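The primary structure of each chain is shown beneath.
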Amino acid sequence: MAANDAAFIELDAVEKVFTVRRRAGWMRRERHEVRAVDGISFQVPRGEVVGYIGPNGAGKSTTIKMLTGILVPSGGRLRVAGIDPSKERTRLARRMGVVFGQRTTLWWDLPLRDSYALVRRMYRIPDDRYRHNLERCVELLDLAELLEVPVRQLSLGQRMRGDIAAALLHDPDVLYLDEPTIGLDVISKVKVREFLREVNTEQNTTVLLTTHDLTDIEQLCQRVMVIDHGRVMYDGSLAGLHAVGESERTLVVDLERELPPIEGVPGARTVRVDGARQWLAFPAAASAAPIVAAVAAAYPLVDLSVREPDIEDVIAKMYAERSG
Amino acid sequence: MAESQLYQGLRAYALIVGMWVRSTMAYRTSFVIMALGNLAITALDFAVIGLMFSHVDALGGFDLAEVTFLYGTSSTAFGLTDLAFGSMERVGRRVRDGTMDTLLVRPVPVLAQVAADRFALRRVGRIIQGVALLGWSLAHLDVNWTWDRVLLLPVMLLSGAAIFAALFVAGAAFQFWASDAAEVQSAFTYGGTTMLQFPPTVFTTELVRAVTFVLPLAFVNWFPALHILGRPNPIGLPDGIGFAAPLVAVACCALAGLAWGAGLRAYRSTGS
């Protein structure tokens, strides 16, 4: 087991090629290949939380589907906990939890409680573990009032919380979350993130999540991978991603009165002025403190705030960098 | 490994079926109405044959008791399979909308999950009808019940159910490639059972050959029943061919199993 810990999830030149048939005139079909995943290699040690991000159609979901054994890779080598997912899908299934943001793994017509009871017996969860885990999920994910409600009557946020609980009842070693906060309200998002953080620290659960929400990454992930066109474009820390993408944070300052654009602040430039409010851009990896200090020393400062860069912007800039 | 796979599948099947039955029983009145409705529909189905015999004495040389025997065996075999595997025609929809993914991440065989999905106990209606008609025909048949004939009756029902089951599974497997092919499957399953309710002598020999050598539906009840009724084989096969039904059933199930495995491997999921 210990041998697996450094490379709990292991991909080596993994590929997935789909053959798509397209109509090319009457009765004629053209076949062409789509390389959804085009030679991805990485390793994830046990207990790490990894954000797997990229534009739509980049190959994120396809990777997760290969990791869970849903799809068979077209090439390369893939192991999770030493198991080849597509060969021993059901054996691996006992050790993993999966949440698809877009669709539920629960039984549509059944109340949550019945779904959970079925999950318990399917995964052969010991009684005490089941009770303990269910109690904890119910408490932390606020499910107490939803247990008797059929899944189809739950709101998206409620259903998602129900799904996350279902994925964790059997103490999985690895958890895959495909857009776990998509469409959730702010409070649900906070709850879900808190819960995931706790599960990760307490049980050392390895987590791989895809998301469009930068806050998910900031608050949960030690590591970020950017995927596009089926390839890994970046693999490292979030701060490093900002550096690579040359992304910038923005310092918004409210001055006492209208003044000409702020000048002479090292490492920052004024990008916008609107009345007494001014916007200063500075590298995302740099600290805001010296810039705030420099502004405060020279200008009559009333209020200020710092805006984080948008994940889409960061990635877009990164691409511009590569192709430019 | 293969055996534990089978055990796991059966266990999961029982779990899911049990849950659906409990959830059905929560609305007991609704279930009773549905079941009675189901029984009424299947009863009406047989009324057509009763009506025919009010005008003629024999159909393709078979009298009412003999045709009822064919009807009862076909209906019972199909009813057993329809109860156990009837939900499998939903595979195509699951492939189309991507919900097949959610079955693939669970630690139990997918086949058991799709077979047990939304298990509809009301389908017992057809089995009740089939067994009732079979019982009536047995009381009215003029058959010399030698031991081989007695033995062949339960063998025929089980093999017939297994052949139908293979058809359900193979049809569902086909839906991995052609996700809107549920109707094709129905043509063979529902169409097949209707055909088998009539004596083979009313059909052309080409059709009987096709359902012997291509799609061996004739082994569900025709050939075993011909032996029990002491009738000659319409396409000149030896009289004992009815005893081959269990072998044919095993072969069909093996092929269907292979098709299902190939379908699962070919599954491509949806975009998101």
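Residues numbered from 1 in each chain as written. Chains lettered and ligands numbered in written order. Predicted model: local features only at pLDDT ≥ 70, side-chain atom pairs only at ≥ 80, totals over all residues. Heavy atoms only, no water.

## A look at the sheet that holds strand S11 (residues 269-274) of chain A
Residues and elements named next belong to chain A.
Now for step 1: Sheet architecture is open: four strands sit in the order S11-S12-S10-S13, paired in antiparallel fashion. The sheet is open, and its two edges are formed by S11 and strand S13 (301-307), each paired on a single side. Strand-to-strand, the axes of this sheet are offset by a mean angle of 20°, without reference to chain direction.
Now for step 2: Alignment of strand S10 (residues 248-255) against strand S12 (residues 277-283), held across seven bridges, turns out to be antiparallel. Its bridge partner lying in S12, Val 253 is registered against Gln 278. (Pairing = 2+ DSSP bridges. Helix = DSSP H or I, 4+ residues; strand = E, 2+ residues; numbered from the N terminus. Axes fitted to C-alpha atoms, helices over the stretch in contact; angles between N-to-C directions.)

## Observations regarding the interface of chain B and chain A
Now for step 1: Tallying the contact residues gives 30 residues for chain B and 28 residues for chain A.
Now for step 2: In this assembly, chain B packs against chain A so that about 2700 Å² is buried in total across both faces, 59% of it on carbon and sulfur atoms.
Now for step 3: When residues of chain B are sorted by the area they lose upon contact with chain A, Val 105, Arg 106 and Pro 107 of chain B head the list and together hold 25% of the total.
Now for step 4: A salt bridge links Asp 109 of chain A to Arg 118 of chain B, with the shortest nitrogen-to-oxygen separation between them at 3.4 Å.
Now for step 5: At the boundary of chain B and chain A, one finds seven residue pairs in polar contact (both at pLDDT 80 or more).
Now for step 6: It is helix H1 (residues 2-25) of chain B that contributes the most residues to the side of chain B that touches chain A, eight residues altogether. (Contact = heavy atoms within 4.5 Å. Buried area = accessible area lost by both parts, 1.4 Å probe. Salt bridge = Lys/Arg side-chain N within 4 Å of Asp/Glu carboxyl O. Polar contact = N/O pair within 3.5 Å; in protein donor to acceptor, adjacent residues only side chain to side chain.)

## Thoughts on the UniProt feature "transmembrane region" (unreviewed entry) in chain B
Residue and element names in this part refer to chain B.
Now for step 1: With numbering matched to this structure, UniProt assigns "transmembrane region" (unreviewed entry) to residues 31-56, 68-86, 150-178, 207-229 and 241-262.
Now for step 2: Its end C-alpha atoms 24 Å apart, residues 68-86 is made of 95% helix and 0% strand.
Now for step 3: In residues 241-262, helix accounts for 82% and strand for 0%; the two terminal C-alpha atoms are 31 Å from one another. (UniProt positions renumbered as here; feature names shortened; annotations may be inferred.)

## Side note on helix H8 (residues 147-174) of chain B
Now for step 1: Between its terminal C-alpha atoms H8 of chain B stretches 40 Å, which fits the 40 Å expected from 28 residues at 1.5 Å a residue.
Now for step 2: Where H8 of chain B bends most, at Leu 153 of chain B, the angle is about 25°, and the proline Pro 154 of chain B comes one to four residues later. (Expected span 1.5 Å × (residues − 1). Bend = angle between axes of the 7 residues up to and from the residue.)

## Things to note about the domain arrangement of chain A
Now for step 1: The assigned domain composition of chain A is domain 1 (9-242) and domain 2 (248-307).
Now for step 2: Summarising the inter-unit geometry, the C-alpha centres of domain 1 of chain A and domain 2 of chain A are found 40 Å apart. (Domains from an automatic or database assignment.)

## Regarding the pairing of strand S3 (residues 49-53) of chain A
Residues and elements named next belong to chain A.
Now for step 1: With five of five residues buried, S3 lies mostly within the body of the structure.
Now for step 2: With burial as the criterion, each face of S3 is covered, one bearing Val 49, Gly 51 and Ile 53 and the other bearing Val 50 and Tyr 52.
Now for step 3: Both S3 and strand S7 (residues 206-210) contribute to a ladder of four bridges, which runs parallel. Bridge pairing links Tyr 52 to Thr 210 in S7.
Now for step 4: Two strands pair when backbone bridges link them, and S3 and strand S8 (residues 223-228) are joined in this way by four bridges, in the parallel orientation. Across the sheet, Val 50 pairs through a bridge with Arg 223, a residue of S8. (Buried < 20%, exposed > 50% of the residue type's maximum accessible area, 1.4 Å probe, protein only.)

## Observations regarding a positive patch on the surface
Now for step 1: There is a patch of like positive charges on the surface, built from Arg 21, Arg 23, Arg 29 and Arg 31 of chain A together with Arg 268 of chain B.
Now for step 2: Position of Arg 31 of chain A relative to the elements: it lies in strand S2 (residues 29-44). (Patch = residues over 30% accessible without salt bridge, like charges linked within 9 Å, V, L, I, M, F, W, Y side chains within 5 Å. Areas by Shrake-Rupley, 256 points an atom, 1.4 Å probe, with all protein chains shown as cover. Lys, Arg positive; Asp, Glu negative; His and termini not counted. Charge placed at Lys NZ, Arg CZ, Asp CG, Glu CD.)

## Considerations on the packing of aromatic side chains
Now for step 1: Considering all chains together, one arrives at nine aromatic pairs over all chains under this definition.
Now for step 2: Both rings, one in Phe 78 of chain B and one in Phe 164 of chain B, keep their centres 5.1 Å apart while their planes meet at 80°; by these two values the pair is edge-to-face. Of this pair, Phe 78 of chain B sits in helix H3 (residues 64-85) while Phe 164 of chain B sits in helix H8, and the two are 86 residues apart along the sequence. With respect to burial, Phe 78 of chain B and Phe 164 of chain B carry one shared label: buried.
Now for step 3: Both rings, one in Phe 176 of chain B and one in Tyr 267 of chain B, keep their centres 6.0 Å apart while their planes meet at 70°; by these two values the pair is edge-to-face. Here Tyr 267 of chain B lies in the segment after helix H12 (245-266) and Phe 176 of chain B lies in the loop between H8 and helix H9 (182-196), a separation of 91 residues in the sequence.
Now for step 4: Of note, Arg 120 of chain A hangs over the ring of Tyr 130 of chain A, and the distance from its end group to the ring centre comes to 5.6 Å.
Now for step 5: The cationic tip of Arg 231 of chain B hangs over the ring face of Phe 62 of chain B; the distance from NZ or CZ to the ring centre is 4.2 Å. (Phe/Tyr/Trp six-rings, centres within 6.5 Å; stacked < 30°, edge-to-face > 60°. Lys NZ or Arg CZ within 6 Å of the ring centre and 35° of its normal.)

## What about unusual backbone geometry?
Now for step 1: Even without being a glycine, Glu 179 of chain A presents a positive backbone phi close to 55°.
Now for step 2: As for its placement among the helices and strands, Glu 179 of chain A is situated in the loop between strand S6 (174-178) and helix H6 (186-203).
Now for step 3: The class of Glu 179 of chain A is buried, set by a relative accessible area of 7%.
Now for step 4: The phi torsion at Arg 118 of chain B lies on the positive side, around 50°, for a residue other than glycine.
Now for step 5: Inspection of the secondary structure puts Arg 118 of chain B in the loop between helix H6 (110-116) and helix H7 (124-140).

## Thoughts on a nonpolar patch on the surface
Residue and element names in this part refer to chain A.
Now for step 1: There is a patch of nonpolar side chains on the surface, built from Val 186, Ile 187 and Val 190 and spanning about 290 Å² of accessible area.
Now for step 2: Position of Val 186 among the secondary structure elements: in helix H6.
Now for step 3: Residue classification places Val 186 among the exposed positions, given a relative accessible area of 64%.

## Here's the deal with the nonpolar core
Nonpolar side chains tend toward joint burial in soluble globular proteins.
Now for step 1: Among the nonpolar cores identified, the biggest contains 97 residues, and Ile 9 and Tyr 176 of chain A together with Phe 69, Met 100, Trp 222 and Trp 260 of chain B are the most heavily contacted of them.
Now for step 2: Leaving out residues up to four positions away in the same chain, Tyr 176 of chain A has contacts with Ile 9, Ile 64, Leu 67, Thr 68, Val 80, Met 96, Gly 97, Val 98, Val 99 and Leu 208 of chain A.
Now for step 3: With 66 residues, the next largest nonpolar core counts Tyr 130, Met 160 and Ala 166 of chain A together with Ile 16 of chain B among its residues. (Core = buried A, V, L, I, M, F, W, Y, C linked by side-chain atoms within 4.5 Å.)

## Section: the pattern of salt bridges
All names here are of chain A.
Now for step 1: Applying the stated criterion across every chain yields a total of 32 salt bridges over all chains.
Now for step 2: Residue Glu 248 is joined to Arg 269 by a salt bridge in which the shortest nitrogen-to-oxygen separation is 2.7 Å. Here Arg 269 lies in strand S11 and Glu 248 lies in strand S10, a separation of 21 residues in the sequence.
Now for step 3: Given a relative accessible area of 45%, Arg 269 falls into the partly exposed group.

## Some points on the sheet that holds strand S1 (residues 9-23) of chain A
Residues and elements named next belong to chain A.
Now for step 1: Overall, antiparallel pairing links the three strands, which are arranged S2-S1-S4 in an open sheet. Here the strands that pair on one side only, and so sit at the sheet edges, are S2 and strand S4 (75-80). Averaged over all pairs of adjacent strands, the angle between their axes in this sheet comes to 30°, without regard to strand direction.
Now for step 2: Where helix H1 (residues 60-67) meets the sheet, it contacts S1, S2 and S4, and its direction lies at approximately 120° from that of S1.

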